[in-house]
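Now for the letters of each chain:
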Amino acid sequence: MGSVGLLKNPAMVCAPLMAPSVDQLVHGMLQAKAQGADLVEIRLDGIHNFQPQKDLQVLLKNNPLPVLIVYRPIWEGNEFEEDDDHIHKQLEVLRWAKELGADYIELDLKIASDFTKKEKSRWSSGCKVIASCFVDNVTSKEDLSQVVAHMQSTGADILKIVTNANDITELEKMFHLLSHCQVPLIAYSLGERGLISQLLGPKFGSVLVYGSLDCNAVPGLPTLGSLRQAYGVDFMDTDTKVFGLISKPVGHSKGPILHNPTFRHVGYNGIYVPMFVDDLKEFFRVYSSPDFAGFSVGIPYKEAVVSFCDEVDPLAKSIGAVNTIIQRPCDGKLIGYNTDCEASITAIEDALKVNGAAFLPSPLAGKLFVLVGAGGAGRALAFGAKSRRAQIMIFDIDFDRAKALAAAVSGEALPFENLASFQPEKGAILANATPIGMHPNKDRIPVSEATLKDYLVVFDAVYTPRKTTLLKDAEAAGAITVSGVEMFLRQAIGQFHLFTGSKAPEEFMREIVMAKF
């Protein structure tokens, strides 16, 4: 088992701040320090009625952390124009920032060269210059290398490249650039598809990673708290193995706050990140290096991903859905597994056992098992229910898919529109395997509320929120309820073993789930 490094990597965590007043920025700096930032980036152009010398003096006199000053002004409602007067005003502000004690100043590539040639030789302070460039369309690694060469010619101390990620596969070019660059470099992509460029930056050599204040979350940007506590970016290194959730959407995932602390708890050098994937084929083609050691698979890919596995475990093959993939170290082949099946069924069984139901051979044997949803999670539940000899009834918005699954598990399928009026027999089991009730559409339930009194057990695969509206209503109706959190925990325990080759610390993982979910 690879062990977590003992020394911190040199990457710094930076909190970008922008506010209409100097007082708010000072307060933001104090918050950033309390939340674990190493430095702050202050955007001066957000200050109303900006008075350069006065405001800079206040900011740089009251800074609890090193400060990076950025000034990209807008005049007369238009984006910054590159005429001599506007450039002169911008550079004058940055000179004042340097003289008043800024630790870093950032300039656009277009003006960085002239500034460093004219100014830097006269500097006596330790202020460092960052030359930055936004690249709208990343076409090749060679193009990025040429941009870096141009930036390097400015004489700046640190280079910064920002791109707009249209697909997660574009980020591999950024990782390649970071790992091969011979000068200090910051490189990342914007947006939800670019999130892992921030999270994995320290592994590949980025000088800075950016994190928002915990109280001011920014789409596509991790919070300071998550960088330190969930992802543990301090101790990432080039040997860190990358695991991630392949999903679309991916923002709901709580996997990082479970897997990452567990890796650190047992001393395993790994990181688990959310991966917003649009194209499975291209994703697996691009991220084939041994650095990317394994994946969880979420909505909507659990069935489609089977065809991209080189080998599939017999249980997952019979289910026709994979929720875990390992890249086998000896040959790089992708091996697919399903840890959802036993996780969901044993969670339901154990709830019945705790409540005194007989369990030989299983408390599900002979019971009507009403399944809503025939996707990846639904297939796992259906095959689990079949193995316990339950009588299975399936509803899905795609009736053909419901019928196909019913045929595979010797069950029955009914049209989804019949679900609202479906009257189950007393003592039936209800399992929701659809996203109905998931944040942000938390108020919906998949069945008629009036029928909940007839179910003995109600299970909801949705785990955000932990107690869904369906579970609240079912509990009020007198049913035993089983949260998707329990399934999530159990399947994650199975995944941990597959990811690391070691037994999962189950009690530690349960403590995290109870505290954080």
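Residues numbered from 1 in each chain as written. Predicted model: local features only at pLDDT ≥ 70, side-chain atom pairs only at ≥ 80, totals over all residues. Heavy atoms only, no water.

What the rule picks out here adds up to 2 cavities of 30 Å³ or more. Its boundaries defined by the atoms lining it, the largest cavity holds a volume of some 100 Å³. Listed by contribution, the elements that provide at least two residues to the lining of the largest cavity are helix H10 (255–266) and strand S10 (270–276). For the lining of the largest cavity, the two domains that each supply at least three residues are domain 1 (12–75 + 84–238) and domain 2 (264–337 + 490–516). Of the volumes computed, that of the second largest cavity is approximately 30 Å³. Lining of the second largest cavity is provided by Met 12, Leu 39, Leu 68, Tyr 104, Ile 130, Ile 158, Ile 186, Val 207 and Leu 208. (1 Å grid on protein atoms, 1.4 Å probe; cavity = no way out; pocket = protein on both sides within 12 Å on 5 of 7 lines; lining within 4 Å. Points joined across faces, edges and corners; volume = space filled by probe spheres on them. Helix = DSSP H or I, 4+ residues; strand = E, 2+ residues; numbered from the N terminus. Domains from an automatic or database assignment.)

What follows deals with the nonpolar core. Counting 90 residues, the largest nonpolar core has Leu 44, Ile 69, Ile 105 and Met 275 as its most contacted members. Looking at this core, you find at least three residues from each of domain 1 (12–75 + 84–238) and domain 2 (264–337 + 490–516). With 36 residues, the next largest nonpolar core counts Ala 374, Phe 383, Ala 402 and Ala 461 among its residues. (Core = buried A, V, L, I, M, F, W, Y, C linked by side-chain atoms within 4.5 Å. Buried < 20%, exposed > 50% of the residue type's maximum accessible area, 1.4 Å probe, protein only.)

A few words on the packing of aromatic side chains. Summed over the entire model, instances satisfying the criterion amount to 19 aromatic pairs. A ring pair is formed by Phe 395 and Phe 422, whose centres lie 5.3 Å apart and whose planes are at 65°; its orientation type is edge-to-face. On the criterion of sequence distance, the pair formed by Phe 395 in strand S16 (residues 391–396) and Phe 422 in the loop between strand S17 (412–415) and strand S18 (428–432) is long-range, its members being 27 residues apart. When the centroid spacing of 4.6 Å and the interplanar angle of 35° are considered together, the rings of Tyr 463 and Phe 488 count as tilted. On the criterion of sequence distance, the pair formed by Tyr 463 in the loop between strand S19 (455–460) and helix H16 (469–476) and Phe 488 in helix H17 (residues 484–500) is long-range, its members being 25 residues apart. The same class applies to Tyr 463 and to Phe 488, which are both buried. Counting every residue linked through ring pairs, the aromatic cluster contains Phe 243, Phe 263, Tyr 268, Tyr 272, Phe 496 and Phe 499. Across the ring face of Phe 204, the terminal group of Lys 203 is positioned such that the distance to the ring centre comes to 5.4 Å. When the ring centre of Phe 517 is taken as origin, the NZ or CZ atom of Lys 254, which lies over that ring, is 5.7 Å away. (Phe/Tyr/Trp six-rings, centres within 6.5 Å; stacked < 30°, edge-to-face > 60°. Lys NZ or Arg CZ within 6 Å of the ring centre and 35° of its normal.)

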